[in-house]
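Architecture and fold: a report
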Amino acid sequence: MKFIALALLCMVAVAAATVHYTEEFDAGWEKRWVQSNADAASGAAGTFVGTPGKYFGDAEADSGVQTSADARFYKYSSKMPSVFNSKGKTLVFQYTVKNEQNLDCGGAYLKLSPPGIDQETLTGDTPYNIMFGPDKCGGTNRIHFIFSHGGKNFLWKKTVVPPSDQLTHLFTAIVKPDQTYEVRVDNEVKESGSILEDWDILPPKEINDPEASKPADWVDQREISDPEATKPEGWDSIPKEIVDPEASMPEDWDAELDGTWEAPTVPNPEYKGEWSAPRIPNPAYKGEWVHPQVANPEYKEDSSIGQYESEFLAFEIWQVKSGTIFDHILVADSVADAEAFFNDHFTAQQSAEKAAYEAQEKERQEKERQEQEQAKQDAEEDADDDDDEKAHHDEL
């Protein structure tokens, strides 16, 4: 059976904590997810298919949805049982990703969206609260963590590179009511900090004083030419090149035919280049001028940052190479629920899946080895047949 513990917890309060949404992609998942028709006319709409993939530990428990065609948009959304208002609460947003295709270009992120979106026409312009998860294409290879605030989307200033293997990995975003956060991969904290510091959502608290400017007599030149230094006598009389003292006229040199022989020149080891006075510390140096700071009149504290009303989960991704499997979506207000899934299910899933993957790889490699040996044997037999035919032809 699919991970029953999470399914039973959905919307059940336990010790003042609530699981607001879970999705295990078991039977009937198609009824819970709406595919956008935004790309129907262009033919660029991709379809999710339910599958545990090529390698797994438990086919039923770990059956997710997989992107099924290359170069397609995948736009699906699911409505939560009720609106989750995270004000004053921890927001936990978690799901698993398995890139069976060894993803080279495509998104694998998930969006948490506000009430009121139109599921039938979902696009990249549809509002969302948080966009979280891995994305790889070209120079991009990172875990996205984007907050929406005041109608604008703000990128995470930190960079976390997602795992690059073909196994299932667990991605967890934790947003706390004190405006701090954590990003975990396989329950290991990869980054944490302050939302106000790691996203440029608010203007800076301080700005350069618009009334201040660097004084005209401010000296910020660290060094000057030594005013007491003089150029040594004879400095300019030293040539840059001299006649090679080791050169001699070739024995076969014919002055009538070759002209007058001239010895080649070589760099002069005594030449020191153009003279310049040595540099010394500038006695008038005052240091780098620092622009005075003043309070930014545009800055205002905002306790609502990172707190949302959410009612939908949405995939809105493009994949050049398909094959990604999504599963085990969780939205909760307790980190304990996310950790319970990791401890009670995910570690065993990943271990069994890895064993299955390695067994398949071993079988694949052995099959390739046998095919190569057979191809080599066939080539040798063909060569022998050609030699026999040539020998028979020579006898005739």
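Note: the structure precedes this text.
Fair warning: this is a prediction, and the values are worked out from it, not measured in the lab. Throughout, residues of each chain are indexed from 1 in the direction in which the sequence is written. Where totals are concerned, whole chains, interfaces and linings use all residues; where local detail is concerned, this predicted model gives features only for residues with pLDDT of at least 70, and gives and counts side-chain atom pairs only at 80 or more. Excluded from the side-chain calculations are hydrogens and water; all other atoms, namely the structure's heavy atoms, are used.

1. Thoughts on the overall build of the protein
Spelled out, the test is: Helix and strand assignments come from DSSP, with helices taken as H or I runs of at least 4 residues and strands as E runs of at least 2, each series counted from the N terminus. Throughout, radius of gyration means the C-alpha value; the globule benchmark is 2.2 Å times the number of residues raised to the power 0.38. Working definition: with a 1.4 Å probe on protein chains only, accessible area under 20% of the residue-type maximum means buried, over 50% means exposed, and in between means partly exposed.
Counting its secondary structure elements, the protein contains five helices and 23 strands. Over its C-alpha trace the protein gives a radius of gyration of 35 Å, far above what one expects of a compact globule, namely 21 Å for 396 residues. Seen through its principal axes, the protein has C-alpha atoms that stretch 105 × 100 × 45 Å. For the protein, the proportion of its 396 residues judged to be buried stands at 38%.

2. Examining the nonpolar core
Just so we agree on the cut-off: Each nonpolar core is a collection of buried residues, namely Ala, Val, Leu, Ile, Met, Phe, Trp, Tyr and Cys, held together in the definition by side-chain atoms within 4.5 Å. A contact between two residues is defined here by any heavy atoms of the two lying within 4.5 Å.
If you look at the biggest cluster of nonpolar residues, it comprises 48 residues, and the most contacted ones within it are Phe93, Ile130, Phe132, Phe145 and Leu313. Discounting chain neighbours no more than four positions away, the residues touching Phe145 are Ile130, Met131, Phe132, Phe154, Leu155, Trp156, Ala173, Val175, Tyr181, Val183 and Trp199. In terms of nonpolar packing, the next biggest core, distinct from the first, is built from five residues, Val19, Val92, Leu330 and Ala338 among them.

3. Comments concerning the packing of aromatic side chains
Each pair of aromatic rings is reported with the distance of its centres and the angle of its planes. Stated precisely, the cut-off is as follows: A pair of aromatic rings is counted whenever rings of Phe, Tyr or Trp (Trp by its six-membered ring) have centres within 6.5 Å, and the orientation is called stacked for planes under 30 degrees apart, edge-to-face for over 60 and tilted otherwise.
Tallied over the entire structure, the rule returns 25 aromatic pairs. Centre to centre, the rings of Phe145 and Trp156 are 5.8 Å apart; their planes meet at 80 degrees, and the pair counts as edge-to-face. Within this pair, whereas Phe145 is found in strand 11 (residues 140–149), its partner Trp156 is found in the loop between strand 12 (152–154) and strand 13 (168–175), the two being separated by eleven residues in sequence. Here Phe145 falls in the buried class, since its relative accessible area comes to 0%. Taking the centre distance of 5.9 Å and the plane angle of 10 degrees together, the rings of Trp156 and Trp199 count as stacked. Taken together, the positions of Trp156 in the loop between strand 12 and strand 13 and Trp199 in the loop between helix 3 (195–198) and strand 16 (206–208) put the pair 43 residues apart, joining distant regions of the chain. Of the residues examined, Trp199 reaches a relative accessible area of 1% and is grouped as buried.

4. A look at the pattern of salt bridges
Cut-off, in case you're wondering: A carboxyl oxygen of Asp or Glu within 4 Å of a side-chain nitrogen of Lys or Arg is what we treat as a salt bridge.
Taken as a whole and assessed by the stated rule, the structure comprises 20 salt bridges. Of the charged contacts, one joins Glu188 and Lys190 as a salt bridge, the two residues approaching to 3.5 Å between their closest N and O atoms. In this structure Glu188 comes out as partly exposed when scored by relative accessible area, which is 46%. Its relative accessible area of 37% is what places Lys190 among the partly exposed residues. With a shortest N-O distance of 2.7 Å, Arg364 and Glu361 are connected by a salt bridge. With a gap of three residues between them, Arg364 and Glu361 both fall in helix 5 (residues 335–395), about one helical turn apart. For Glu361, a relative accessible area of 22% puts it in the partly exposed group. Several salt bridges share partner residues, and in doing so they unite Lys176, Glu182, Arg184 and Glu339 into one network.

5. Concerning the side chain of His20
Keep this limit in mind: Residues adjacent in sequence count toward polar contacts only when both atoms are side-chain atoms; beyond that, a polar contact is any pair of N or O atoms within 3.5 Å, and within protein one must be able to donate a hydrogen and the other to accept it.
Position of His20 among the secondary structure elements: in strand 2 (residues 17–23). Side chain to side chain, His20 and Asp333 meet in a polar contact 2.9 Å long.

6. What to know about the pairing of strand 7 (residues 91–99)
This is how it is decided: The rule for pairing is simple: two strands pair if DSSP sees at least two bridges between them.
Burial analysis of strand 7 places nine of its nine residues in the buried class, the great majority of the element. Residue alternation in strand 7 divides its side chains into two sets, Leu91, Phe93, Tyr95, Val97 and Asn99 and Val92, Gln94, Thr96 and Lys98, and both sets are buried. As defined by bridge partners, strand 7 adjoins strand 13 across eight bridges and the pair is classed as antiparallel. Paired with Tyr95 across the bridge in strand 13 is Phe171. The sheet contact formed by strand 7 and strand 23 (residues 324–332) spans seven bridges and is antiparallel. Paired with Lys98 across the bridge in strand 23 is Ile325.

7. Section: the pairing of strand 9 (residues 110–113)
The two faces of strand 9 match: Leu110 and Leu112 on one face and Lys111 and Ser113 on the other face are all buried. One ladder, built from three bridges, connects strand 9 with strand 10 (residues 130–137); its direction is antiparallel. Looking at strand 10, one finds that Leu112 is bridged to Ile130. Across three bridges, the pairing between strand 9 and strand 22 (residues 309–319) is antiparallel. Each bridged residue has a counterpart across the sheet, and for Leu112 the counterpart in strand 22 is Leu313.

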